[in-house]
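Structure assessment
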Amino acid sequence: MNITRIYQLFPAESDCIAHLEKVRWKDKPVCTYCGSDRTTAAPEEQRHHCNNCNTTFSVTVGTIFHHTHLPLQKWLLAVSLVLNAKKGLSARQLARDLDVNRNTGWRMAMQIRKAMGERGQRELLSGVVEMDETYIGGKPRKGNSGPQGGESKPRNKRGRGTKKTPVVGMLERGGNVSAHVVKKDGLRARALSSLVRRHVDIENAILFTDEYKGYLGIQTFMPHRTVNHQEWYVADDGTHTNSIESFWALLKRGIVGQYHKVSVRHLPKYIDEFSYRFNHRKNGDVFDLTVARAVRAAS
């Protein structure tokens, strides 16, 4: 859904509230504090009164919109902007688009990412599944690597020797991706095998990886093929990991080009954001789905 459509469907605050109430409660408002359906509407206040616990509540209580002082139209515009930004949308850009300050833009984006959270939402991957790992973090300055001023400084290692944050991903060809931030010991064989068991239907899938030794144990419980990137990127039998590497390229372009720097604390939320957009890339109702999840996400 684009922003023009948002303006057409939700021109006033009452239209936004009516839509959220329909999504959350359908035809019967339920008290967000005690769960009773013995409620009375107070249209002039755009709230509801619970006859059971004698409290008043609005549709935004317990959602990502709770305690907001912004018009709900701006929130719906923000959802549309974030969903339509394939490579992500920075807090500063969102703030400029919505005419709010940077801190407000950042908070709105983080709240929307709660609705885009993929944990516990994914179905098991099946069919041909590609698995790979990447590393997220800022690039070292040129002056910080190699010899400088007659003094020898240790070079910053690349690949699996780097100090960057490791991320492991599994992608079903033509389907969804499942990506997770892990610790360094999360790249060991036992941890990687456990990750595969949690997110892949091992009875109905074949796994393609590179020749990293951490993947060797996977062949003991499911079909597993490897590709040697020193010799080829696509084997004659179709073994490759190009699809998951394309997702890594999209993720890194977004982080480097839009966000520039992401803390380890919030990195899982950004990865969920990119995974969510990727997994729903063919879903024409992704806006409605995201709003539905937003009114059920605790603030």
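Higher on the page you've got the structure.
Presented here is an overview of the structure given in this document.

How each quantity is defined
Residues numbered from 1 in each chain as written. Predicted model: local features only at pLDDT ≥ 70, side-chain atom pairs only at ≥ 80, totals over all residues. Heavy atoms only, no water. Helix = DSSP H or I, 4+ residues; strand = E, 2+ residues; numbered from the N terminus. Buried < 20%, exposed > 50% of the residue type's maximum accessible area, 1.4 Å probe, protein only. Pairing = 2+ DSSP bridges. Axes fitted to C-alpha atoms, helices over the stretch in contact; angles between N-to-C directions. Parallel < 35°, antiparallel > 145°, perpendicular 65-115°, else oblique. Left-handed = near helix turned anticlockwise from the far one by under 90°. Contact = heavy atoms within 4.5 Å. Nonpolar A, V, L, I, M, F, W, Y, C, P; charged D, E, K, R; others polar. Patch = residues over 30% accessible without salt bridge, like charges linked within 9 Å, V, L, I, M, F, W, Y side chains within 5 Å. Areas by Shrake-Rupley, 256 points an atom, 1.4 Å probe, with all protein chains shown as cover. Salt bridge = Lys/Arg side-chain N within 4 Å of Asp/Glu carboxyl O. Lys, Arg positive; Asp, Glu negative; His and termini not counted. Charge placed at Lys NZ, Arg CZ, Asp CG, Glu CD. Phe/Tyr/Trp six-rings, centres within 6.5 Å; stacked < 30°, edge-to-face > 60°. Lys NZ or Arg CZ within 6 Å of the ring centre and 35° of its normal.

1. Details of unusual backbone geometry
Positive phi outside glycine occurs at histidine 67, with the angle close to 65°. Mapped onto the elements, histidine 67 comes out in the loop between strand E3 (56-57) and helix H3 (72-84). Given a relative accessible area of 63%, histidine 67 falls into the exposed group. Backbone geometry at histidine 260 places phi at a positive 65°, although glycine is not the residue there. Inspection of the secondary structure assignment puts histidine 260 in the loop between helix H7 (242-259) and helix H8 (267-279). Residue classification places histidine 260 among the exposed positions, given a relative accessible area of 60%.

2. As for the pairing of strand E5 (residues 165-172)
For E5, the tally of buried residues reaches seven of eight residues, placing the bulk of the element in the interior. Relative to E5, strand E4 (residues 125-136) runs antiparallel, the two being bridged by eight bridges. When the bridges of E5 are listed, valine 129 appears paired with glutamate 172. As judged from the five bridges shared by E5 and strand E6 (residues 177-181), these two strands associate in the antiparallel manner.

3. Considering the pairing of strand E7 (residues 200-209)
By the criterion of burial, E7 is predominantly enclosed, with seven of the 10 residues buried. In terms of strand pairing, E4 meets E7 through five bridges, oriented parallel. Counterpart to glutamate 130 in the pairing with E7 is phenylalanine 208. Two strands pair when backbone bridges link them, and E7 and strand E8 (residues 224-226) are joined in this way by three bridges, in the parallel orientation.

4. A look at the packing of H3 against helix H4 (residues 91-98)
Put simply, H3 and H4 touch, their axes get as near as 11 Å, and they point 135° apart. With respect to their mutual orientation, H3 and H4 come out oblique. Our pair here, H3 against H4, has a crossing hand that is right-handed. Each of Lys74, Leu77, Ala78 and Leu81 in H3 lies in contact with H4, whose residues at this interface are Leu94, Asp97 and Leu98.

5. Quick look at the packing of helix H2 (residues 13-25) against H3
Remark: H2 packs on H3, axes separated minimally by 8 Å, with the N-to-C direction vectors making an angle of 65°. Along its contact with H2, which presents Glu13, Cys16, Ile17 and Leu20, the element H3 presents Leu72, Gln73 and Leu76. In terms of residue class, the contact of H2 with H3 is made up of five nonpolar, one polar and one charged.

6. Quick look at a positive patch on the surface
Residues Arg107, Lys114, Arg265 and Lys269 make up a contiguous surface patch of positive charge. Looking at the element boundaries, arginine 265 is found in the loop between H7 and H8.

7. Focus: the packing of aromatic side chains
One pass over the structure, following the stated rule, counts seven aromatic pairs. For the ring pair phenylalanine 247 and phenylalanine 278, a centre distance of 5.4 Å and an interplane angle of 70° mean the geometry is edge-to-face. Pair noted here: phenylalanine 247 is in helix H7 and phenylalanine 278 is in helix H8, with a separation of 31 residues, a long-range link. For phenylalanine 278, a relative accessible area of 18% puts it in the buried group. Judged by centre distance (6.5 Å) and plane angle (85°), the rings of tyrosine 259 and phenylalanine 274 are edge-to-face. Here the residue tyrosine 259 occupies a position in helix H7, and phenylalanine 274 occupies one in helix H8, the gap between them amounting to 15 residues. Phenylalanine 274 sits in the buried class, given a relative accessible area of 1%. One aromatic cluster is present, built from ring pairs that chain together Phe247, Trp248 and Phe278. Residue placement shows arginine 197 over the ring face of phenylalanine 221; its charged tip is 4.0 Å from the ring centre. Seen from the ring of phenylalanine 278, arginine 281 lies directly overhead, with NZ or CZ sitting 4.0 Å from the centre.

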